[in-house]
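Overview (structure and organization)
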Amino acid sequence: MALPFLNNPRAKRDSIIAVDLGGRTTKAVHLHKKGDKFVLSGYALLDAPIYEKSLSAEMLAEHLKSVCQTLNARTKLLALTIGVNDSLVRHVELPVMPVDDMRQVLRMNSKNYLQQDFGNHVFDCFAAAARPKAGAPAEPVAKPQAGSPKQRVLVGGAKRQLVDDLQEAAKSAGLIADAIVPSLIGPINAFELAMPEVFAKENVALIDLGFKNTTISILQEGDLALSRTVAIGGDKLTATLAEAMGISYAEADGIKVGMPTEVQPHLESIVTTLGRELRASVDYFEHQSDRAVSQVFVSGAASGSQTILQLLQAELMAECKTWNPACLAQLALPAHQMAELEMVSHQLPVALGAAVTSL
């Protein structure tokens, strides 16, 4: 599902850098298009910039230069993600009309459709009925006819100033902002291409354990049926562990994934709370749709801990497992990255999903 915000001409693209600006770690990928196949030629995990209130365009520009240098990528095209605290993703009912007209309708009358005034926001829309095949561009929606019915549309939004700042930072770094994508959409796009059969035929939950927040997206046979953000992420898990064990934050962060038997009693309470919040979303979906969630797929840095997966599984009452978003692409990685990919792939779905939005 394409929600790139920007009105860049959809000329053919064959290479792009995608950057997932995390709260603690920036994840980036360099993705190519070769025929109808994607090729992953590099990825990078870097410490995110440290700032007090907001990330300035100047600091972001320097960070993007470091990302490009690490990836050794020659393309200037860039896809950036916007976190859940800075973007909105909602379903609304809109008349059948072209996407550009939908954007204009939402900009002029957001309160009517979104039950809240989102002045000075940029919007983008994806009509579920117009879903293209994986990797194909969306077909334009027909012009509205008199008395035309409404359709269910997925709407993404972000403050115009933020979008402008991101574009300016990209320009200062010598890059072209080709797409700016809500981070919530990334794992969904990546999952569609990495596991197409499961995506199209089953009801699954995608859980992304971020630094500050955890998101859950429930997919019903290829459509986003429900999404929710819970304000518990890797940061709170680490802080809880540090306090319980009387160790530093850095020490707790280091053992959170690597010492499951020892840390489980200290993590159980906070992960159980998170699991119950996520379970409430699953229960709501199953009650409303009268369908069961068949599988749960978990991503994010903290998903590398078997302890965390087992604790979540106990609350969700369904097997929780990591997945490899890099399966959507052929691999043309340097030898050292090829060897490490299995250990870090669960951190890349947001970046990979943003990349395929443009290619």
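See above for the structure.
Residue numbers here run from 1 along each chain, matching the order of that chain's written sequence. Side-chain atom pairs in this predicted model are given and counted only at pLDDT of 80 or more, local residue features only at pLDDT of at least 70, and totals for whole chains, interfaces and linings cover all residues. Side-chain calculation: all heavy atoms of the structure are included, whereas hydrogens and water are not.

For the rest of this paragraph, the subject is helix 8 (residues 249-258). For each residue, the accessible area found with a 1.4 Å probe, counting protein chains only, is set against the maximum for its type, and the residue is called buried under 20%, exposed over 50%, and partly exposed in between. Helix and strand assignments follow DSSP, with helices taken as H or I runs no shorter than four residues and strands as E runs no shorter than two, numbered in order from the N terminus. When helix 8 is considered as a whole, its buried residues turn out to be Ala252, Ile255 and Lys256. Across the axial projection of helix 8, the buried residues extend over an arc of 125 degrees, all falling on one side. Of the exposed residues in helix 8, those oriented more than 90 degrees away from the buried face are Ala250, Gly254 and Gly258. Summarising the geometry, the arc corresponds to the directions from the helix axis toward the C-beta atoms.

Quick look at the packing of aromatic side chains now. By convention, a stacked pair of Phe, Tyr or Trp rings (six-membered ring in the case of Trp) has centres within 6.5 Å and planes under 30 degrees apart, an edge-to-face pair has planes over 60 apart, and any other such pair is tilted. Taken as a whole, this structure holds two aromatic pairs when the rule is applied. For the pair Phe191 and Phe297, a centre-to-centre distance of 5.0 Å together with 55 degrees between the ring planes defines the contact as tilted. One end of the pair, Phe191, is in helix 5 (residues 185-194); the other, Phe297, is in strand 12 (residues 295-299), and 106 residues separate them in sequence. On the basis of relative accessibility, which here comes to 2%, the residue Phe297 falls in the buried class. Residues Phe191 and Trp323 carry aromatic rings whose centres are separated by 5.2 Å and whose planes lie at 85 degrees to one another, so their mutual orientation is edge-to-face. Separated by 132 residues along the polypeptide, Phe191 in helix 5 and Trp323 in the loop between strand 13 (320-322) and strand 14 (329-331) bring together distant segments of the chain.

On to the packing of helix 1 (residues 57-71) against helix 4 (residues 160-172), then. Lines fitted to C-alpha atoms define the axes here, with helix axes fitted over just the stretch in contact, and angles between the N-to-C directions of these axes take values from 0 to 180 degrees. The interhelical angle for the contact between helix 1 and helix 4, taken along N-to-C directions, is 50 degrees, at an axis separation of 8 Å. Taken together, the axes of helix 1 and helix 4 are oblique relative to one another. Seen from above, helix 1 lies across helix 4 with right-handed handedness. Here helix 1 contributes Ala57, Leu60, Ala61, Leu64 and Lys65 to the contact with helix 4, which in turn contributes Asp165, Leu166, Ala169, Ala170 and Ser172. For this scheme, ten residues count as nonpolar: Ala, Val, Leu, Ile, Met, Phe, Trp, Tyr, Cys and Pro. Four count as charged, namely Asp, Glu, Lys and Arg, and the remainder, Gly too, count as polar. A per-class count over the contact of helix 1 with helix 4 returns seven nonpolar, one polar and two charged. Here is the rule for angles: anything less than 35 degrees is roughly parallel, anything more than 145 is roughly antiparallel, 65 through 115 is roughly perpendicular, and the remaining ranges are oblique. By definition, turning the near helix anticlockwise from the far helix through less than a right angle yields a left-handed crossing, and turning it clockwise yields a right-handed one. Between two residues, a contact is recorded if the distance between any of their heavy atoms is within 4.5 Å.

For the rest of this paragraph, the subject is the sheet that holds strand 5 (residues 87-95). Strand order in this open sheet of three strands is 5-7-6, and the pairing throughout is antiparallel. Every other strand in the sheet has two partners, leaving strand 5 and strand 6 (121-127) as the edge strands with one partner each. Neighbour-to-neighbour, the strand axes of this sheet turn through a mean angle of 30 degrees, independent of strand direction. Here the rule is simple: two strands pair whenever DSSP picks up at least two bridges between them. Bridging between strand 5 and strand 7 (residues 150-159) involves nine bridges; their strand directions are antiparallel. In the strand pairing of strand 7, Arg90 is matched with Val155. Sheet strands touched by helix 2 (residues 99-108): strand 5, strand 6 and strand 7. Its angle to strand 6, the strand with the most contacts, is close to 135 degrees. Relative to the sheet, helix 4 contacts strand 6 and strand 7, its axis offset from that of strand 7 by approximately 65 degrees.

The mixed open sheet is built from five strands, whose spatial order is 11-10-9-12-13. Looking at the sheet topology across the chains shown, the edges are occupied by strand 11 (223-230) and strand 13. Averaged over all adjacent pairs, the angle separating strand axes in this sheet is 25 degrees, with direction ignored. Taken together, the five bridges between strand 9 (residues 203-209) and strand 12 define a ladder with parallel strand orientation. Within the sheet, the bridge partner assigned to Leu206 lies in strand 12 and is Phe297. Packing against the sheet, helix 5 makes contact with strand 9, strand 10 (214-220), strand 11 and strand 12, and its axis sits at approximately 130 degrees to strand 9. Strands in contact with helix 10 (residues 306-316) are strand 9, strand 12 and strand 13; relative to strand 13, the strand with the most contacts, it is inclined by about 145 degrees.

This paragraph deals with empty space enclosed by the protein. Put plainly, a pocket is an open set of points on a 1 Å grid over the protein atoms alone with protein on both sides within 12 Å along at least five of seven lines, a cavity is a set where a 1.4 Å probe fits but cannot get out, and a lining residue has an atom within 4 Å of a point. Grid points are joined across faces, edges and corners, and a volume is the space filled by probe spheres set on the points. Under the counting rule described, the total for this entry stands at two cavities of 30 Å³ or more. Taken as a whole, the second largest cavity spans an internal volume of roughly 50 Å³. Of all the secondary structure elements, the ones that give two or more residues to the lining of the second largest cavity are helix 5, strand 9 and strand 10. Sort the elements by how many residues they give to the lining of the second largest cavity and strand 9 lands first, with three residues. Residues belonging to the lining of the second largest cavity are distributed by class as follows: five nonpolar, three polar and one charged.

Attention now goes to the pairing of strand 2 (residues 25-34). Side chains on a regular strand alternate between the two faces of the sheet. Pairing of strand 1 (residues 15-21) with strand 2, which is carried by seven bridges, proceeds in the antiparallel orientation. Counted as the bridge partner of Leu21 is Thr26 from strand 2. In this structure, the hairpin formed by strand 1 and strand 2 is closed by a connection of three residues. Two elements, strand 2 and strand 3 (residues 37-47), share ten bridges in a ladder whose sense is antiparallel. The partner of His30 across the bridge, within strand 3, is Gly42. Joining the antiparallel neighbours strand 2 and strand 3 is a turn of two residues, in which Gly35 adopts a positive phi near 65 degrees.

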